[in-house]
Amino acid sequence: MEFTEKNLKIAFLTAEDPKNKSSWSGTNYSIARALEKHCGDVQYIGPINTNVNKITGLLNRLSLLITKKGYEGGHSTLLSKRYAQIIKKRISKQDIDLIFAPAASAEIAYLETEIPVIYISDTTFHLLQNYYGDLSNVRDVSLREGNKIEKKAIKKSVLLIYSSRWAAESAIKDYGADESKVHVLPFGANIEYVPLQEEVFKKKRSDKCRLLFLGVDWERKGGSIAFDALLELEKLGVESELTVCGCVPPEEFKHESLMVIPFLDKNDEKQGRELNQLFLENDFLILPTRGDCTPVVFCEANAFGLPVITTDTGGISSVICNGKNGYMLPLDAGGKDFAQIILEVYSDDEIYSKLIESSRKTFDESLNWDVWAIEVKKLIKNL
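Residues numbered from 1 in each chain as written. Predicted model: local features only at pLDDT ≥ 70, side-chain atom pairs only at ≥ 80, totals over all residues. Heavy atoms only, no water.

Draft legend 1. A look at the overall build of the chain. When you go through the chain residue by residue, the secondary structure sums to 14 helices and 12 strands. Whereas a compact globule of 383 residues would reach a radius of gyration of roughly 21 Å, the chain reaches 22 Å, a difference of no more than 12%. Dimensions of the chain, computed from the C-alpha atoms along their principal axes, are close to 65 × 55 × 40 Å. Relative to its 383 residues, the chain shows a buried fraction of 54%. (Helix = DSSP H or I, 4+ residues; strand = E, 2+ residues; numbered from the N terminus. Rg over C-alpha atoms; globule rule 2.2 N^0.38 Å. Buried < 20%, exposed > 50% of the residue type's maximum accessible area, 1.4 Å probe, protein only.)

Draft legend 2. Quick peek at the sheet that holds strand β4 (residues 117-121). Pairing within the open sheet is parallel, and its six strands lie in the order β2-β1-β3-β4-β5-β6. Edge strands, defined here as strands with exactly one partner in the open sheet, are β2 (41-44) and β6 (182-184). Direction aside, neighbouring strands of the sheet carry axes that sit 25 degrees apart on average. Note that strand β1 (residues 9-12) and strand β3 (residues 98-102) share three bridges and pair parallel. Opposite A11, over in β3, you have I99 as the bridge partner. This element, helix α14 (residues 369-381), spans β3, β4, β5 (159-162) and β6 of the sheet and lies at about 160 degrees to β5. (Pairing = 2+ DSSP bridges. Axes fitted to C-alpha atoms, helices over the stretch in contact; angles between N-to-C directions. Contact = heavy atoms within 4.5 Å.)

Draft legend 3. Molecular detail of a positive patch on the surface. Positive charge collects at one region of the surface, where K81, K148, K151, K152 and K155 lie side by side. The element contributing the most residues to the positive patch is helix α6 (residues 140-156), with four residues. You can call K155 exposed: its relative accessible area is 70%. (Patch = residues over 30% accessible without salt bridge, like charges linked within 9 Å, V, L, I, M, F, W, Y side chains within 5 Å. Areas by Shrake-Rupley, 256 points an atom, 1.4 Å probe, with all protein chains shown as cover. Salt bridge = Lys/Arg side-chain N within 4 Å of Asp/Glu carboxyl O. Lys, Arg positive; Asp, Glu negative; His and termini not counted. Charge placed at Lys NZ, Arg CZ, Asp CG, Glu CD.)

Draft legend 4. Highlighting the side chain of T362. Counting through the fold element by element, T362 comes out in helix α13 (residues 349-365). At 2.7 Å, the side chain of T362 and the backbone oxygen of S358 are in polar contact. Residues in contact with T362, not counting those within four places in the same chain, are N302, K324, N325 and L367. (Polar contact = N/O pair within 3.5 Å; in protein donor to acceptor, adjacent residues only side chain to side chain.)

Draft legend 5. Geometry of the sheet that holds strand β11 (residues 308-311). Pairing is parallel in the open sheet, where six strands are placed in the order β9-β8-β7-β10-β11-β12. Only two strands of the sheet have a single neighbouring strand rather than two, namely β9 (258-261) and β12 (326-329). In this sheet, neighbouring strand axes are inclined to one another by 20 degrees on average, regardless of whether the strands run parallel or antiparallel. Examined bridge by bridge, strand β7 (residues 209-214) and strand β10 (residues 284-287) share two bridges and lie parallel to one another. Directly across from L212, in β10, lies its bridge partner L285.

Draft legend 6. Examining the pattern of salt bridges more closely. Under the defined criterion, the tally for this structure stands at 21 salt bridges. One salt-bridge network, held together by shared partners, links D207, K208, R210, E239 and E241.

Draft legend 7. How the structure looks around the packing of aromatic side chains. Applying the stated criterion across every chain yields a total of 12 aromatic pairs. Note on F12 and Y44: the rings are 6.0 Å apart at their centroids and 70 degrees apart in plane angle, and the pair reads as edge-to-face. With F12 in strand β1 and Y44 in strand β2, the pair connects residues that are 32 residues apart, well separated along the chain. Given a relative accessible area of 0%, F12 falls into the buried group. Ring centres of Y193 and F304 lie 6.2 Å apart, and the angle between their planes is 55 degrees; on these two criteria the pair is classed as tilted. Of the two residues, Y193 is situated in the loop between β6 and α8 (197-201) and F304 in the loop between α11 (296-303) and β11; the sequence distance between them amounts to 111 residues. A relative accessible area of 35% means that Y193 is categorised as partly exposed. (Phe/Tyr/Trp six-rings, centres within 6.5 Å; stacked < 30°, edge-to-face > 60°.)

Draft legend 8. Looking closely at the layout of surface pockets. Within this model, the second largest pocket holds a volume of roughly 620 Å³. Forming the boundary of the second largest pocket are 26 residues, of which R33, A189, I191, E192 and Y193 lie nearest the centre. Elements that contribute at least two residues to the lining of the second largest pocket include exactly α1 (27-38), α10 (269-281), α13 and α14. A breakdown of the residues in the lining of the second largest pocket according to their chemical character gives nine nonpolar, seven polar and 10 charged. (1 Å grid on protein atoms, 1.4 Å probe; cavity = no way out; pocket = protein on both sides within 12 Å on 5 of 7 lines; lining within 4 Å. Points joined across faces, edges and corners; volume = space filled by probe spheres on them. Nonpolar A, V, L, I, M, F, W, Y, C, P; charged D, E, K, R; others polar.)

In structure tokens:
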């Protein structure tokens, strides 16, 4: 394929609505915009609605009722084959040079096409087994179908772009991906507004240690550990507060220094500004996650110079570098451990200021979608 920037026609393939900023935490929306800016003309193939979702939903309920184990319809052969039928009709009516398929293994696994496919993901099906709750209690048939779909999607693709070494290595080891096709490119921040670097560098630590917990799943994101860190900081004599945004903690987690914002919708301009303000006002993003791939919220925090305090799990080590844009603690670290590292940084003005600067520089150098798309453009040229 001869690459010509001005006339490259890209099919952006996802069953989700790519223009919805809540779809895959806004990653689909951001990838599409970055491709439009740097790589060519983007034509949207999704969203894709099908009655098969209702069928697999019914199968899941019946399976749970009879076997106490679920049926994972999102990676079912039935859904994947139906996607292939719909997509083939849609792309046959368009002039397309390349198909970009973000997190779309089910969409491309059974797709019959001569158009080159580029598959983008932050994980593999194998890595999610018994790692995320959705795949921790499913029937063997779901595991077989999910792994088969992942393998077919990987084999079909001319390029495999992953957001972490963790995911890339699984594609090679668990699915036999051709190493020459596999590339690691960190994702960017799914935000519209990025403050000027000069504005970020002026930021100083607050009069009290302000912690931001941002996540929709209190348990999986380690909310109880973040809460314990708040208590431990107060025991150490550090006046602190914790803002939880995206979920509501269980009843037992109450404290005068705990503030809760149940949800902010990025599709709403006003709520988007409120989210930006949270990044600006707080001193640390604390996310003691129990299971994650490569959370884009880390990139978003770094855009505002906000250091990240998290755990070394999944693909996080491809995003967070200790002492550069935050710190990763072992998975068995508790609230006391998180409080200690926060105290060490927060109590030293020079260390904290340098961490703000290096966090923002990390965003500028590698954790933004412009850098991602420019590297993708190079990969396309080499096809």
